[in-house]
Amino acid sequence: ATHVPYRDSKLTRLLRPPLEGNANTAIVCTVNPAEGKESISTLRFAATAQRIHRTPAASAPLTTEGTMLRNFERQMSVLKYELQRSVEDERRRADELKVVSDFNSSELAA
C-alpha cells in the first residue's frame, strides 16, 4: 500500500464511500486564482486522486421481491413446522406428567 496524502482531510472523509465503493468515480476540482495557497492544495489533491486506479467489479445481483417473498415463505414454513413439533412435544410431556400423576394418586389411594 502506498502512502496517500490528505488521508486525514475533510475532503477525503467525504469522498471515502465513493472511493471505496464498487463504482467508477469522477472528481471535479475547481480552483480560484484569488485563493493561491488553497488552489495549489486542491491541484495537489486532484493530481493524487488522478493516480488512484480502481477496477470496479459487478456486485451480487439485487434480490427481487419475488425471491424475497419465496425466502420468507420458506422461513415461515420451517418456523411453522418447528412450532408444531414444539407444541406436540409439550402435549406429550403434559400427557406423561398426567399419567405419572394419576399413577401416584392411585398408589396413594390404595
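This is a predicted model, so every value here is computed, not measured.

1. Considering helix α2 (residues 36–50)
Part 1 of the argument: Here α2 is 15 residues long and its end C-alpha atoms lie 21 Å apart, about the 21 Å a rise of 1.5 Å per residue gives.
Part 2 of the argument: Taken together, the buried positions of α2 are Ser39, Phe45, Thr48 and Ala49.

2. Observations regarding the pattern of salt bridges
Part 1 of the argument: For the structure shown, the criterion picks out 2 salt bridges.
Part 2 of the argument: Where glutamate 90 meets arginine 93, a salt bridge forms, and the shortest distance between an N and an O atom there is 2.6 Å. Taken together, the residues span about one helical turn, with glutamate 90 and arginine 93 both in helix α3 (residues 65–109) at a distance of 3 residues.
Part 3 of the argument: The class of glutamate 90 is partly exposed, set by a relative accessible area of 45%.

3. Section: the environment of proline 56
Part 1 of the argument: Along the chain, proline 56 turns up in the loop between α2 and α3.
Part 2 of the argument: Between the C-alpha atoms of proline 56 and alanine 23, which are 33 residues apart in sequence, the distance is 5.4 Å.
Part 3 of the argument: For proline 56, the residues in contact, after removing those within four places along its chain, are Asn22, Ala23 and Asn24.

Criteria and cut-off values
- Residues numbered from 1 in each chain as written.
- Predicted model: local features only at pLDDT ≥ 70, side-chain atom pairs only at ≥ 80, totals over all residues.
- Heavy atoms only, no water.
- Helix = DSSP H or I, 4+ residues; strand = E, 2+ residues; numbered from the N terminus.
- Expected span 1.5 Å × (residues − 1).
- Buried < 20%, exposed > 50% of the residue type's maximum accessible area, 1.4 Å probe, protein only.
- Salt bridge = Lys/Arg side-chain N within 4 Å of Asp/Glu carboxyl O.
- Contact = heavy atoms within 4.5 Å.

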